Amino acid sequence: MKVLFINGSPKSDNSSSELLINALHKLLGNLNEYITITAMKASKQAFLDGVRGADVAVIVFPLYVDGIPSHLLRLLCEVKDELKNINPNVVLYAIANNGFYEGTQNALALNMIQHFCDAAGIRWGQGLGIGAGGMLNSSPIGIAVLKNIGIALETLAENINKQISGDDLFAQPNFPKFLYKTAAHFNWIQSAKKNGLKRNDIYKKH
Amino acid sequence: MTNTLVLQDIDTNGIALNKEKYTIFQASHEVKPCLGCFGCWIKTPGKCVINDNDSDFAITIPHVQEVIIISQLVFGGLSPNIKAIFDRSIGFILPFFCNVNGEMHHKQRYKKRPSLKYLLYANVISDKEKSTAQKLAKANAINLGADNLSVHFYHSTIELLEDLK
């Protein structure tokens, strides 16, 4: 099986999307052929070349304002009319992760990817929405606080290997919501301080 | 500055919008995307770090009572240019979290809550896309702290602009 990963993060490295692609790659095994493109840098042609001959494509992206990040959305718009001619049999899967705790908050963005499939005339596989994406580097995916996410990713990987469709899946770390919130607030303040700001500067009004 | 801010991805093609009524924020050029750096929260709080006019949308919203979004309906959501402006405007809210209806959301930076109106256009609009867009507008309203929301669909920009006259 030939798998195309589309990394939808605007970050060049150390993104949650990259961590998820690596974890999914591991679960899918070494018998497949893999290609990864990054949406921020990829041309329309690179996307189409990647899809040519691929059995499945997996878009992995961060949730931006309840939807698809604009650079990825622009790329999808560019390739929409040509995908069916390039490869009508490719099955598209998607993983969205967000900074809020609840994985379900990715549901609309996954619906939009499904609408993209309808518009492009290709088959929709399944979506996975992951909450508390900022925690994805806290342990290997599938272990400790990321156990739940590993279980959801395993289900997705099984369906990808069989190239079958399924209802969207949602997961978040097995970690209390209030602790996630407290840790996130602490991190924002520390990050601002590293930039020479004081805590009150974060509240600036224009 | 008027009380109504219009963010639009179309040129008005000769249909003059009343300048005394609307402040126009044009997004028909290719808007640079968000870099995912969170600089608008931890470096230049409230405003995107990219040094161009598109960073001004987030700091204009708190000075109006109503925001109108004119966007092509794309896959049940906003067009890439309007989405890029939205992605780069999260400085309008704070990085800190709060609970709204049992879900985690961001705290508001400003007390003033503008109303939000979506005018979405496309030649063909499926029921599924319409449903997604309505849910998206509701989710955006929660995240942007807007109390009043309306969503309207059009099959042409002419029809849409007639409504705004």
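All of these numbers come straight from a predicted model, not from anything done at the bench. (Residues numbered from 1 in each chain as written. Chains lettered and ligands numbered in written order. Predicted model: local features only at pLDDT ≥ 70, side-chain atom pairs only at ≥ 80, totals over all residues. Heavy atoms only, no water.)

Draft legend 1. Here's a closer look at the sheet that holds strand 2 (residues 22-26) of chain B. All names here are of chain B. Read across the open sheet, the five strands follow the order 2-1-3-6-7; overall the sheet is parallel. Both edges of this open sheet fall to strand 2 and strand 7 (149-154), since each of them pairs with a single strand only. Pairwise comparison of adjacent strand axes, ignoring direction, gives a mean angle of 15° for this sheet. Direction of pairing for strand 1 (residues 4-8) relative to strand 3 (residues 66-72): parallel, over a ladder of five bridges. Looking at the pairing, Leu7 lines up with Ile69 of strand 3. (Pairing = 2+ DSSP bridges. Helix = DSSP H or I, 4+ residues; strand = E, 2+ residues; numbered from the N terminus. Axes fitted to C-alpha atoms, helices over the stretch in contact; angles between N-to-C directions.)

Draft legend 2. Broad picture of the packing of helix 3 (residues 70-79) of chain A against helix 3 (residues 80-87) of chain B. One can describe the packing of helix 3 of chain A onto helix 3 of chain B by two numbers: an axis separation of 8 Å at closest approach and a directional angle of 170°. The angle between helix 3 of chain A and helix 3 of chain B places the two elements in the roughly antiparallel class. Taken together, the residues of helix 3 of chain B that come into contact with helix 3 of chain A (itself represented by Ser70, Leu73, Arg74 and Cys77 of chain A) are Pro80, Asn81, Lys83, Ala84 and Asp87 of chain B. When its residues are assigned to classes, the contact of helix 3 of chain A with helix 3 of chain B shows four nonpolar, two polar and three charged. (Parallel < 35°, antiparallel > 145°, perpendicular 65-115°, else oblique. Contact = heavy atoms within 4.5 Å. Nonpolar A, V, L, I, M, F, W, Y, C, P; charged D, E, K, R; others polar.)

Draft legend 3. Representation of the pairing of strand 6 (residues 115-121) of chain B. All names here are of chain B. Counting buried positions over the seven residues of strand 6 gives six, a clear majority of the element. Sheet topology note: the strand 3/strand 6 ladder contains seven bridges and is parallel. Opposite Ile70, over in strand 6, you have Leu119 as the bridge partner. Between strand 6 and its parallel partner strand 7, the chain crosses via helix 4 (residues 127-144), and the hand of that crossover is right-handed. (Buried < 20%, exposed > 50% of the residue type's maximum accessible area, 1.4 Å probe, protein only. Right-handed = clockwise from strand over helix to strand, strands pointing away.)

Draft legend 4. Representation of the layout of surface pockets in the model. What the second largest pocket holds in volume is close to 450 Å³. Lining the second largest pocket are 19 residues, with Lys80 and Ala119 of chain A together with Leu73, Phe75 and Glu129 of chain B sitting closest to its centre. Counting only elements with at least two residues in the lining of the second largest pocket, the list comes to helix 5 (107-120) of chain A together with helix 4 of chain B. The biggest single contributor to the lining of the second largest pocket is helix 5 of chain A, with three residues. A per-class count over the lining of the second largest pocket returns nine nonpolar, six polar and four charged. (1 Å grid on protein atoms, 1.4 Å probe; cavity = no way out; pocket = protein on both sides within 12 Å on 5 of 7 lines; lining within 4 Å. Points joined across faces, edges and corners; volume = space filled by probe spheres on them.)

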